[in-house]
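Remarks on the overall topology
Spelled out, the chains give:
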Amino acid sequence: MAKEEGILLSPGRKTRSSSFSLSSSLPQNHRTFFSHTHLELLHGHCHSEESISLDTLTSSLPGRKPQIHEILRLIGPLNSPMLPLLLYGGPSTGKTISVLQTFRYLNRPFVYAGCRTCYCPRILFNSVLRQLLIREKNAGKGSSGARRCEKPSEFIDLLRISLIQVVNALRERNLKLGSEESDRGNMIYLIFDNVELLRLWDKSSTIVPLLLRLSEILKIPELGIIYISSSSPDAYYLCTGSIEPIPVYFPDYSLEDLHGIFMRNQSNPNLYSSFLSVVLKPFYRVTRRVDELSVAFHPLFEKYCDPLSDQCLVLDEAMKRRLFDNLQPHLASSLNDVFWVPSWASHQLKQEGEHRQKRFWKSIRKEASNELDFHMSMSVKYLLLSAFIAARNPATLDASLFDSSGGSNNPKRKRNLQTSLDKKDNMAEEILLKGPGSFPLERLLAIFQCITSVAESMVEDDHFENDFAIENENFQLTSDVLLQLSALCNANFLCKSGSCPLEGSTRYRCTIDEEMAVKVARSINFPLSSYLYRR
Amino acid sequence: MASEKTLALLRRRLCDPSFVYSAFKSSPNGNYSKLKFLISNTITEACNNSVLLLGPRGCGKGAVVDLVLEDLKSELPEIISVARLNGLLHSDDNCAVKEIARQLCMENKLLFSKMASFDDNSQFMIDMLRECGLAHKMIIFVLEEFDLFTQGKQRLLYSLLDAMQTLTSHSVVIGISCRMDADQLLEKRVRSRFSHKKLLFTPLTTDDMQRLLEHLLYLPTDSSLPSDYLKEFNSNINNILSDNKFKEILDLLLAADNSISNIQRFLYQAISSMHFQTELLTLDDLKSAFSYHQRQPMLDKLQDASILELYILVCMNRLESREQDSYTFNSVMKEYKAIQDAYKTSDNYSKSVCQRAFEHLIERELISFANNRLRNLSVEYRPVRLLLSSQELYQSLKSNASCPAILQRLLNYETYR
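Residues numbered from 1 in each chain as written. Chains lettered and ligands numbered in written order. Predicted model: local features only at pLDDT ≥ 70, side-chain atom pairs only at ≥ 80, totals over all residues. Heavy atoms only, no water.

1. Focus on the overall build of chain A
The criterion, for reference: Under the DSSP-based scheme used, a helix requires at least four consecutive residues in state H or I and a strand at least two consecutive residues in state E, with every element numbered from the N terminus. The contact rule is simple, with two residues in contact once any of their heavy atoms fall within 4.5 Å.
Secondary structure summary: chain A contains 23 helices and eight strands in total. For chain A, contacts bridging at least 24 residues in sequence account for 73% of all contacts bridging at least 6.

So, in structure tokens, the structure goes:
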């Protein structure tokens, strides 16, 4: 198995390539990138793969022993035909890796095509055909070059031809076997991964029935097909019925299984198991997925080990209690985080290498999250805020909130605002339910002009008091602003909504949430809350 | 090893559709005999014919056609050529005619050009029909998924059936479809050229079922297995088939789906458990195979959900029971916060964590968006609905060991008293 350098690499995140290569240790950053050509090369060099024993197989995938046994039973002994299988279960439950490892143990030729990397039928067909071609080459026969196909009928023809050639090649190879090579059988297996994505490809599709009935259409007994899916089998019932594949269910990991998974390949098992006994149960109530838990545990484990000078210490009860007390406050805040992304400020602190106390650590995190992580120009920020205001406020309030001079300092205006706000009680409920509304372009630009003229007057007042100089930008409606509007659309801060058929003008929606708007407003000292309709 | 050979033999049998359906070859009123009679009559009388095979999925239509064609080819080798089309692949006319031309070329060892146009191909087909008619040969067209050919303008069907009307052509068109009303889908002009012969595949009677099981499970006496093992195996099978418990299991299985393919899958699962353990097929194998058929995916998914996800589901159920037609994630969060304020449980999490759990539920298809129109809004504002009933939720909460008792109480309140 791949060696880790003391960093936790949970099997749920292990790529196929890292589990195949024995001696190279893949750095953690490469885990999500799955290269198609890499897999083809692996198939090409399938002779040099070492096969594993059944014990290694079951011990490397804790909690999956019954499922692996079921798969082995259903696939059957060498050279025995099989009915199609459907493996289903939630995401991150180890379906793909169980199948691939099982095939490594069985040492039988297979072709793997994932419907996530092959995102349209043409790419899926070409990928399957290309892998079969490589397999043919390895079995010793010459090939007639790459074949391309677009339509399902061509695909079935070419697939049939390729499969028959591969099967013949395998049969000939098995006849000429020496004593040191193992018999890999006459059968070839197709594995289709992420089959649930097929349903989204094409609404009036023929691709789902085609793929699910592949074995009936081809009628080749030496072909075995395995489908891997996150949806249950009832998602694949078609209107005109279908022959169902045999389902195998992969339940989510239980607490003991998760414990087993995280304990694998730990440099200090005692320390980690005491850490897990503290941390696993509370997090288990929130989520049971291995990938999310591993992301949450990694920084917590570092904090847990902070007070320890020597990591190889054997822990006694007092020590455990101390470590637990140390960790406790972080636990509560970590439970409420989705994941913690260290900003550049805390990176710098790490590089300085100082040991921070937990209070300061927390304040760093808070400060970092209160600032915007990226730079926007002033007019873009105003534009964004006006979009946010336009989205959140009902249009009828605009007259009370803004006037041509832009000021809401007028006391009479404030009284009017309050009365009009009182009348719209159930508007708050609606806004809560329906979310931010859409607004036409004219309204956006009108609000923009109002608030920037206010800002201009505020800037002139403050100019003599503060040291930093805001350039007196010309906030008139130039074409620059409209260009920046399209830039905001491209960055998905605004998006186009359906246009009203009567008026014909396009409407926009604002997709940022309140947190971000508050951050933007704070960065330019804009009183956002006085403009928002709030209950 | 005898058991390994048995296992291999049984698996090979079950994965081969022609073997499975050949159990009914010998019955005189069966569809096999009827189809064979029809085709051989057409050959001897040198005329044209068309027939539709209709029946639900997995009842053996394609297998019967294969068996008949195989037998006829062995009896009358030079006379028959077959062109097979599938509605999933060849519903487009260009594609279909090209495929027919290709297959006819392959059978008769002619050169096929990929560049030929639609007109060339259809002209070739007509010429081929004429030539075969003059040479007393027969072309059989097998159209699988026949109902998919009836979409659009039905040009292919019309041209095929029209070409059959000439005196010199000599062909049979066999349509296979799982829609029982496939002939109603034909256009008027096509239907008038179609002889209204239909072979219906009806569900099996209990005698037929018994015959099928014996055909599939008994080992043949002329195989290479040791004879005492053979006798033991066959007598064991006999005992199982006559056991009442087995009959109960079979009834339950067939009550849901009484097609032959269902039995085929059930036996396959039972037999594959022979791989590791025993030498003989036991009733326990059959029982465990049956339990796989009884899985309920929704309840399984609910068992897999974490506690926070269960909270969210319970909140949504409460909102639905108050007959709120459409609610969004924000309303669910409001309900969740209200519950946390009222009961002060330890499961009070922030909005982003709850949103992540909400998105997990959408991935698992326990909840879904109520309509696809508002796709541009973010997840919090789109209306959602539950995909499971209160009964299922209640049942799974009861059977979940680690579920906090408060969830069940919350579910009960306002729904059941």
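2. Let's talk about the overall build of chain B
Our working rule: The globule rule used here is 2.2 Å times the number of residues to the 0.38 power, and the radius of gyration it is set against is calculated over C-alpha atoms. Burial status follows relative accessibility: with a 1.4 Å probe on protein chains alone, a residue under 20% of its type maximum counts as buried, one over 50% as exposed, and anything between as partly exposed. Residue exposure ignores everything except the shown protein chains as possible cover, and the areas themselves are Shrake-Rupley values with a 1.4 Å probe. Under this rule, positive means Lys or Arg and negative means Asp or Glu; His and the chain ends count for nothing. Throughout, a charge is located at the NZ atom of Lys, the CZ atom of Arg, the CG atom of Asp or the CD atom of Glu.
The helix and strand inventory of chain B stands at 20 helices and seven strands. On C-alpha atoms alone, chain B measures out to a radius of gyration of 30 Å, which is more than a quarter above the 22 Å that the 2.2 N^0.38 rule sets for 417 residues. Its C-alpha atoms give chain B principal-axis dimensions of roughly 90 × 65 × 35 Å. Relative to its 417 residues, chain B shows a buried fraction of 52%. Residue pairs in contact within chain B that sit at least 24 positions apart in sequence constitute 71% of those at least 6 positions apart. When the accessible surface of chain B is split by element, carbon and sulfur atoms take 51% of a total near 19600 Å². Side chains of chain B give 49 positive and 51 negative charges; the mean places of these two sets differ by 4 Å.

3. Comments concerning the pairing of strand 5 (residues 246–250) of chain A
Residue and element names in this part refer to chain A. Under the convention used in this document: Should DSSP find at least two bridges between two strands, the strands are taken to pair.
Of all five residues in strand 5, four are buried; the element is thus mostly enclosed. Bridging between strand 1 (residues 85–89) and strand 5 involves five bridges; their strand directions are parallel. In the sheet register, leucine 87 faces strand 5, and the bridge partner there is valine 248.

4. So, the nonpolar core
Selection rule: Here, nonpolar core refers to any group of buried Ala, Val, Leu, Ile, Met, Phe, Trp, Tyr and Cys residues whose side-chain atoms link them within 4.5 Å.
Grouped together as the largest cluster of nonpolar side chains are 69 residues, with contacts concentrated most on Ile75 and Ile191 of chain A together with Leu267 of chain B. The biggest single contributor to this core is helix 13 (residues 260–272) of chain B, with seven residues. In contact with leucine 267 of chain B, not counting residues within four places along its chain, are Leu14, Leu213, Leu216, Leu217 and Leu286 of chain B.

5. Brief notes about the UniProt feature "domain: ATPase AAA-type core" (unreviewed entry) in chain B
Put simply, the rule is: UniProt positions are given in the numbering used here, feature names are shortened, and annotations may be inferred rather than shown by experiment.
The sites that carry the UniProt feature "domain: ATPase AAA-type core" (unreviewed entry) are, in the present numbering, residues 51–197 of chain B. Between the C-alpha atoms that bound residues 51–197 of chain B the distance is 5 Å, and the span itself is 45% helix and 17% strand.

6. With respect to the sheet that holds strand 5 (residues 198–200) of chain B
All names here are of chain B. Let me state the cut-off plainly: Geometry is summarised by axes, namely lines fitted to C-alpha atoms with helices restricted to the contacting stretch, and by angles between N-to-C directions that run from 0 to 180 degrees.
Read across the sheet, five strands follow the order 2-3-4-1-5 without closing on themselves; strand pairing throughout is parallel. A single partner strand is all that each edge strand has here, and the edge strands are strand 2 (80–86) and strand 5. On average, each strand axis in the sheet is tilted by 15° relative to the strand beside it, whichever way the strands run. For strand 1 (residues 49–54) and strand 4 (residues 171–177), the ladder comprises six bridges, and the chain directions are parallel. What sits directly across from leucine 52, in strand 4, is glycine 175.

7. Structural notes on the sheet that holds strand 7 (residues 494–497) of chain A
All names here are of chain A. The strand order 6-8-7 describes an open sheet built from three strands, whose pairing is antiparallel. Of all strands in the sheet, those bounded by a partner on one side alone are strand 6 (439–440) and strand 7. Pairing of strand 6 with strand 8 (residues 507–510) involves two bridges; the strand directions are antiparallel. Residue pairing for strand 8: phenylalanine 439 is matched across the bridge by tyrosine 508.

8. Digging into the interface of chain A and chain B
Put simply, the rule reads: Accessible area that two parts lose when put together, with a 1.4 Å probe and added across both, is what the buried area reports. We count a salt bridge whenever a side-chain nitrogen from Lys or Arg sits within 4 Å of a carboxyl oxygen from Asp or Glu.
With 64 residues of chain A in contact, the opposing surface of chain B contributes 62 residues. Carbon and sulfur atoms make up 54% of the area that chain A and chain B hide from each other, which totals about 5300 Å². Our count for the contact surface shared by chain A and chain B stands at nine salt bridges. The partner of arginine 102 of chain B in a salt bridge is aspartate 157 of chain A, with the nearest N and O atoms 3.2 Å apart.

9. Comments concerning the packing of helix 15 (residues 297–304) of chain B against helix 19 (residues 390–399) of chain B
Residues and elements named next belong to chain B. To be explicit about the condition: Throughout this description, any angle smaller than 35 degrees is read as roughly parallel, any larger than 145 degrees as roughly antiparallel, any in the 65 to 115 degree range as roughly perpendicular, and the remainder as oblique. Crossings are sorted by hand: turned counterclockwise from the far helix by less than a right angle, the near helix makes the crossing left-handed, and turned clockwise it makes it right-handed. Under the convention adopted here, Pro, Cys and the residues Ala, Val, Leu, Ile, Met, Phe, Trp and Tyr are nonpolar, Asp, Glu, Lys and Arg are charged, and Gly plus all remaining residues are polar.
Remark: helix 15 packs on helix 19, axes separated minimally by 10 Å, with the N-to-C direction vectors making an angle of 50°. Between helix 15 and helix 19, the angle is such that the two are oblique. Seen from above, helix 15 lies across helix 19 with right-handed handedness. Across the interface between the two elements, Met298, Leu299, Leu302 and Gln303 of helix 15 pack against Glu392, Leu393, Gln395, Ser396 and Ser399 of helix 19. Looking at the contact of helix 15 with helix 19, its residues break down into four nonpolar, four polar and one charged.

10. Quick notes on unusual backbone geometry
All names here are of chain A. Even without glycine at this site, asparagine 107 takes up a positive phi of about 60°. With respect to the element layout, asparagine 107 can be found in the loop between helix 5 (95–106) and strand 2 (110–114). The residue asparagine 492 is not glycine, and still its phi comes out positive at about 65°. Locating asparagine 492 in the fold gives a position in the loop between helix 22 (479–490) and strand 7.

11. Here we look at the pattern of salt bridges
Within the structure shown, the criterion is met by 28 salt bridges over all chains. A salt bridge links arginine 213 of chain A to glutamate 145 of chain B; the shortest N-O distance between them is 3.2 Å. Of this pair, arginine 213 of chain A sits in the loop between helix 9 (207–212) and helix 10 (214–218) while glutamate 145 of chain B sits in the loop between strand 3 (138–144) and helix 7 (146–149), which puts the two residues in different chains. A residue is classified by how much of its surface remains accessible, and arginine 213 of chain A, at 3% relative accessible area, is buried. In this structure, lysine 219 of chain A engages glutamate 144 of chain B in a salt bridge whose closest nitrogen and oxygen atoms are separated by 3.8 Å. Of this pair, lysine 219 of chain A sits in the loop between helix 10 and strand 4 (223–229) while glutamate 144 of chain B sits in strand 3, each in a different chain. Overall, lysine 219 of chain A belongs to the partly exposed group, its relative accessible area being 44%. Using a relative accessible area of 18% as the deciding quantity, one classes glutamate 144 of chain B as buried. The structure contains a network of salt bridges with shared partners spanning Lys219 of chain A together with Asp66, Arg84 and Glu144 of chain B.

12. What to know about the environment of threonine 506 of chain A
Along the chain, threonine 506 of chain A turns up in the loop between strand 7 and strand 8. Between the C-alpha atoms of threonine 506 of chain A and phenylalanine 439 of chain A, which are 67 residues apart in sequence, the distance is 8.5 Å.

13. Considering the packing of aromatic side chains
For the record, the criterion: Working definition: rings of Phe, Tyr and Trp (its six-membered ring) pair if their centres are within 6.5 Å, and the pair is stacked with planes under 30 degrees apart, edge-to-face with planes over 60 apart, and tilted otherwise. We count a charge as sitting over a ring when the NZ of a lysine or the CZ of an arginine lies within 6 Å of the ring centre and within 35 degrees of the ring normal.
Here the structure, examined in full by the defined rule, presents 16 aromatic pairs over all chains. Ring centres of phenylalanine 192 of chain A and tyrosine 227 of chain A lie 6.0 Å apart, and the angle between their planes is 20°; this geometry places the pair in the stacked category. Of the two residues, phenylalanine 192 of chain A sits in strand 3 (residues 188–193) while tyrosine 227 of chain A sits in strand 4, which places them 35 residues apart along the sequence. Phenylalanine 192 of chain A gets classed as buried once you look at its relative accessible area, which sits at 1%. Taking 5.5 Å as the distance between ring centres and 90° as the angle between the ring planes, the aromatic pair formed by phenylalanine 283 of chain A and phenylalanine 297 of chain A counts as edge-to-face. Placement of the pair is phenylalanine 283 of chain A in helix 12 (residues 269–286) and phenylalanine 297 of chain A in helix 13 (residues 290–305), with a sequence separation of 14 residues. Across this residue pair, the class does not change: phenylalanine 283 of chain A and phenylalanine 297 of chain A are buried. Among the aromatic residues, those joined into a ring-pair cluster are Phe262, Tyr272, Phe275, Phe283, Phe297, Phe301 and Tyr304 of chain A. In this structure, arginine 64 of chain A packs its charged tip against the face of tyrosine 253 of chain A, placed 4.4 Å from the ring centre. For the cation-ring pair, arginine 382 of chain B lies above phenylalanine 369 of chain B, with the distance from its terminal atom to the ring centre recorded as 3.8 Å.

14. Points about helix 6 (residues 118–134) of chain B
Residues and elements named next belong to chain B. Let me state the cut-off plainly: Multiplying one less than the number of residues by 1.5 Å gives the expected span of a helix. Note that the arc is computed from the directions linking the helix axis to the C-beta atoms.
The terminal C-alpha atoms of helix 6, which comprises 17 residues, lie 24 Å apart, in line with the 24 Å expected from a rise of 1.5 Å per residue. Those residues of helix 6 that sit buried are Asn121, Ser122, Met125, Met128, Leu129, Cys132 and Gly133. Take helix 6 and look down its axis: the buried residues cluster within an arc of 130°, on one side only. Of the exposed residues in helix 6, those oriented more than 90 degrees away from the buried face are Asp119 and Leu134. Directly after helix 6, the chain includes histidine 136, whose backbone phi takes a positive value near 60°.

15. Comments concerning helix 14 (residues 283–293) of chain B
Listing the buried residues of helix 14 of chain B in full gives Leu283, Asp285, Leu286, Ala289 and Phe290 of chain B. The buried residues of helix 14 of chain B occupy an angular sector of 155° when the element is viewed end-on, so they sit on one face.

16. Some thoughts on the pairing of strand 2 of chain A
A regular strand places its side chains so that they alternate between the two faces of the sheet. Residue and element names in this part refer to chain A. Here strand 2 lies mainly inside the structure; five of its five residues are buried. Of the two faces of strand 2, the one holding Phe110, Tyr112 and Gly114 and the one holding Val111 and Ala113 are both buried throughout. As paired strands, strand 2 and strand 3 are joined by five bridges and run parallel to one another. From the neighbouring strand, phenylalanine 110 faces strand 3, where its bridge partner is tyrosine 189.

17. Quick word on the confidence of the model for chain A
Residues and elements named next belong to chain A. The condition is simple: Along the chain, pLDDT gives the predictor's confidence residue by residue, from 0 to 100.
Mean pLDDT for chain A: 74, with 69% of residues reaching 70 or above. Residue range residues 1–48 is modelled with pLDDT below 50. Its contacts to residues more than four positions away, or to other chains, number 79 contacts. Predicted confidence for residues 464–474 stays below pLDDT 50, and this span has seven contacts to residues more than four positions away or in other chains.

18. Let's talk about the confidence of the model for chain B
Chain-level pLDDT for chain B is 85 on average; 97% of the residues reach the 70-or-more range. Model confidence for the complex is summarised by a pTM of 0.82, with the ipTM given as 0.91.

19. Thoughts on the state of the cysteines
Residue and element names in this part refer to chain A. Put simply, the rule is: By definition, disulfides here are pairs of cysteine sulfur atoms that lie within 2.5 Å.
Applying the stated criterion across every chain, the model contains zero disulfides over all chains. For cysteine 510, which is in no disulfide, the shortest distance to another cysteine sulfur is to cysteine 495 and amounts to 8.6 Å. When its relative accessible area of 4% is taken as the criterion, cysteine 510 is described as buried.

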